[in-house]
Amino acid sequence: MNENLRLLKPLFRGFPIIILVMVLAVLSAKKYLNYVTPMYESTAKLKLADTEEGVPSANLFKDLDVFASANKIATEIEVLKSSKLIGKTLDELPFDKEIYRKGDMLTVELFRNSPITVEGTFQSEKALDKRYGLNVISDNEYQFFYPDSKNGIPGRFGKPMRIKGGTLLIGLNEPYIQSKKDAKIIDTYEFEFLSTQKILAKIDKNLDIVPVDKDVPVIRINMKSNVPEKASLFVNKLAEMYIKDYIESKFRAANTTVDFLKEEINSSNKRLSASENNIQNFRDKKNIVNIRQETETDLRKISQLKIEQTNIKMNLDAIKELNRYIASGKKNYLDLAANFEAFTDLLSTEMVKNMKKLQADKKDLLITYTPEEEKVKIIDAKLKDLIDYQIESIKNTEKSLQTKYNGLSNDINEFEKVFIGLPEKEKELTILNREFNLYETNYNFLNSKRIDAEIARSAKIAFHKIITPAEISQTPVSPIRSIIIVVAAILGMFGSILLIYLVHFAKAKVNDEFTIEKNSTIPIALTTPFIKLKENIKDNFLKEAIQMELKGMIQNQSILVISSYDKAEDHLFHSKNLANAFINQGRKVLVIDATGQLGDKFDSTNYLNFSNSKYLSYTQSVFQNEIQDKMKNFDLCIVHNQSIKEDKLALLFMSLATQNLIVLDSRKTAEKTIIKMELLKDEFQLPNVWFVLNKAGYNPSVFVEIKNFWNKYINKRNS
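Quantities reported herein were computed from a predicted structural model and do not represent experimental measurements.

**Comments concerning the packing of aromatic side chains**
Using the criterion set out here, one finds 19 aromatic pairs in the structure. Where Phe610 meets Phe653, the ring centres are 6.1 Å apart and the plane angle is 10 degrees; that geometry is what we call stacked. With Phe610 in the loop between β17 (607–609) and α16 (620–630) and Phe653 in helix α17 (residues 650–656), the pair connects residues that are 43 residues apart, well separated along the chain. The pair Phe610 / Phe653 is uniform in exposure class, with both members buried.

**Focus: the packing of helix α4 (residues 83–91) against helix α6 (residues 196–206)**
It is at 11 Å that the axes of α4 and α6 come closest, and there the two elements cross at 110 degrees. Compared by their axis directions, α4 and α6 come out roughly perpendicular. On the side of α4, the interface is formed by Ser83, Ile86 and Leu90, while α6 contributes Ile199, Leu200 and Ile203.

**What about the pairing of strand β16 (residues 589–593)?**
Burial of β16 is extensive: five of the five residues sit out of reach of the surface. Relative to β17, β16 runs parallel, the two sharing three bridges. In the strand pairing of β17, Asp593 is matched with Asn609.

**A short note on the confidence of the model for the chain**
The share of residues in the chain with pLDDT of 70 or more is 86%, and the mean pLDDT across the chain is 82. Segment residues 53–70: pLDDT under 50, and 25 contacts once partners within four positions in sequence are set aside and those in other chains are kept.

**A short note on the side chain of Asp570**
Of note, Asp570 is situated in helix α15 (residues 569–584). This buried residue, Asp570, is left without a salt bridge; Lys668 holds the nearest opposite charge, at 4.8 Å. In contact with Asp570, other than residues within four places in its own chain, are Ser564, Val663 and Lys668.

**With respect to unusual backbone geometry**
At the junction of Ser478 and Pro479, the peptide bond is cis and its omega measures out at -5 degrees in the coordinates. Assignment of secondary structure puts Pro479 in the loop between β13 (465–468) and α12 (481–507). Even without glycine at this site, Asp129 takes up a positive phi of about 60 degrees. Tracing the backbone shows Asp129 in the loop between β4 (116–122) and β5 (132–136).

**Let's talk about the sheet that holds strand β7 (residues 153–156)**
Read from one edge to the other, the open sheet built from six strands follows the order β3-β2-β10-β5-β6-β7, with strand pairing classed as antiparallel. Bordering the open sheet on either side are β3 (107–110) and β7, each of which pairs with just one other strand. Along the sheet, successive strands turn relative to each other by an average axial angle of 30 degrees, direction set aside.

**Considering the environment of Gly152**
Along the polypeptide, Gly152 turns up in the loop between β6 (141–145) and β7. Overall, Gly152 belongs to the partly exposed group, its relative accessible area being 29%. Taking the C-alpha atoms as reference points, Gly152 and Leu134, separated by 18 residues in sequence, lie 8.4 Å from one another. Ignoring any residue separated from it by four or fewer positions in sequence, one finds Gly152 in contact with Phe144 and Phe145.

**Here we look at α15**
Because the α-helix completes a turn every 3.6 residues, residues three or four places apart line up on one side. The terminal C-alpha atoms of α15 lie 23 Å apart, and with 16 residues this matches the ideal 22 Å at 1.5 Å per residue to within 8%. If you check which residues of α15 are buried, you get Asp570, His571, His574, Ser575, Asn577, Leu578, Ala579, Ala581 and Phe582. Directly after α15, the chain includes Gly586, whose backbone phi takes a positive value near 95 degrees.

**A short note on the sheet that holds strand β12 (residues 216–225)**
Pairing within the open sheet is antiparallel, and its four strands lie in the order β11-β12-β1-β13. Across the chains shown, the open sheet's two edge strands, defined by having one partner strand only, are β11 (207–213) and β13. Each strand axis lies, on average, 35 degrees off the axis of its neighbour in the sheet, ignoring direction. Here β11 runs beside β12; their pairing, made up of six bridges, is antiparallel.

Conventions used here
- Residues numbered from 1 in each chain as written.
- Predicted model: local features only at pLDDT ≥ 70, side-chain atom pairs only at ≥ 80, totals over all residues.
- Heavy atoms only, no water.
- Phe/Tyr/Trp six-rings, centres within 6.5 Å; stacked < 30°, edge-to-face > 60°.
- Helix = DSSP H or I, 4+ residues; strand = E, 2+ residues; numbered from the N terminus.
- Buried < 20%, exposed > 50% of the residue type's maximum accessible area, 1.4 Å probe, protein only.
- Axes fitted to C-alpha atoms, helices over the stretch in contact; angles between N-to-C directions.
- Parallel < 35°, antiparallel > 145°, perpendicular 65-115°, else oblique.
- Contact = heavy atoms within 4.5 Å.
- Pairing = 2+ DSSP bridges.
- pLDDT = per-residue confidence, 0-100.
- Lys, Arg positive; Asp, Glu negative; His and termini not counted.
- Salt bridge = Lys/Arg side-chain N within 4 Å of Asp/Glu carboxyl O.
- Expected span 1.5 Å × (residues − 1).

See the structure below:
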């Protein structure tokens, strides 16, 4: 804690300087603000078209790249920053020349409020980007100055003036002069015609285009200018030109697209007509009405014929089996049990019934008659006729079924010939139909897009819009007066603090007890405060005399040598007042003065003056004997020594001392003196060396020191 307070002492001491520097810094900042050119900022907000909302959501041109580009905020910002768009904007604004009113400390640009007008035509770009001077002498005459030229060229308002690289026409701004009755015409002006590159550079430096939010299609256009009207004009015009350029680009794209679509539609129409003709010719050549229906009909017929063929084949096989069976047992026909399932006509059934009846009748007759009987033979003849007829009928039925079967097989073969080459015809027809469908789809799509493009070409609107137009700023954005004043005050404060500590550490004075203890092993005997009132001196030194006695520094017949390093005046105060304090205690004190500064302060009975140059030849023993001889009638000897820096008799008296007091002034003595005394003590084996810190804890104001310095300077001059 004490260490922190010790470090803060220079700060407390230099507090008036800090206040003074801060006040000067604030006054300087205010003076600076009076002459600095302020910058104004205007902001316009531009909302980009959102393809997900409003009319654009119709996606008229969704399938065409020229129309289906989503609004990317970063891309649109780069478009706004493009030199092409900025160039178009500048073409609409009177930013190609600047006129200034020149003052002693400040030059102000006049924009639309200039009492003079300047027009120029230039044959060389070397005449651009130069600040020309103009000194208006009267309402009719002026003097023209080239840059860095002190020689003026006389001219008259309204008359052309040829200059290097061009011609100027300078006149009076009559509308402005009439509107401003107190307009000042006679003055000093400057003007400059700017090249495109310089204008673009100035715009690029002061233009800032940023999105409001990365997910919100709103762009903020910021522009700074020393003329607030120029900033608002530019950002509004830039937003307008962006929308106008968007509409023009959209119209050009739509117009180009319409022309392109018309050509493509005509070409597609020709290809579509050719495809239709190819299909018609192929159908005529292959006799195709509807290949699918025809194929289904033929397949159905073939299926029916094959069903009939299968039925006939079954009957035919049954008849053949029956015929083989009967042929194998023809002689015993009546013993056969033929299966007539495949031969089921009514006549055959009736014949079988008759044969069975005749067979039964024969069996009845054979009971009575012999086989040779005429009645039996007649029945046998009848049976034979019926059997022969039956067998022949079966054979004829087989032939009939075989004929039908063969006929059906031939019909099936003929119908199946229709399918020969059918896959190839279907393939070719599919290819032709696919080509037709492709051309038809393309034709319909192009017609749809042509309608959309014509709508876009007719609708000369944009879905971008300015939601917040820029206004003329009334308050400058830079310099910000409050911030600059505060920063100036802070810089003044820190600068003065830094200066105070630099001076403090550069001076490197003793300052306090901590500095002594840090740099030396020599103990501190006394710390004498700064005594403002003379009446307090006696009490203070009596107290210090007691402290010395209590520390065992004062013995009978002791020799107390009081010294300082730089000047004898630094320890004069202690020598005189300590001697008086011991005298006031009732002691007999012998005062030895090696400087002659105490001559009128003490009685001659207890005062010895060793300041004469003759004493320089005395040896240590001579001084020692003389002092001891004088000390016989005294209790204490105090030696007011010379400064150690002079080193004449100072070290000699210190070697004779019982106690050595080295006075260090906290405000005057350098810190390095402590180390020097340490070295001297060790080198010359000086006995019982003590430090006395004068003005301990004294931390005077800088103004007090300045006052003291000034008083010393005045006194020195008067003397």
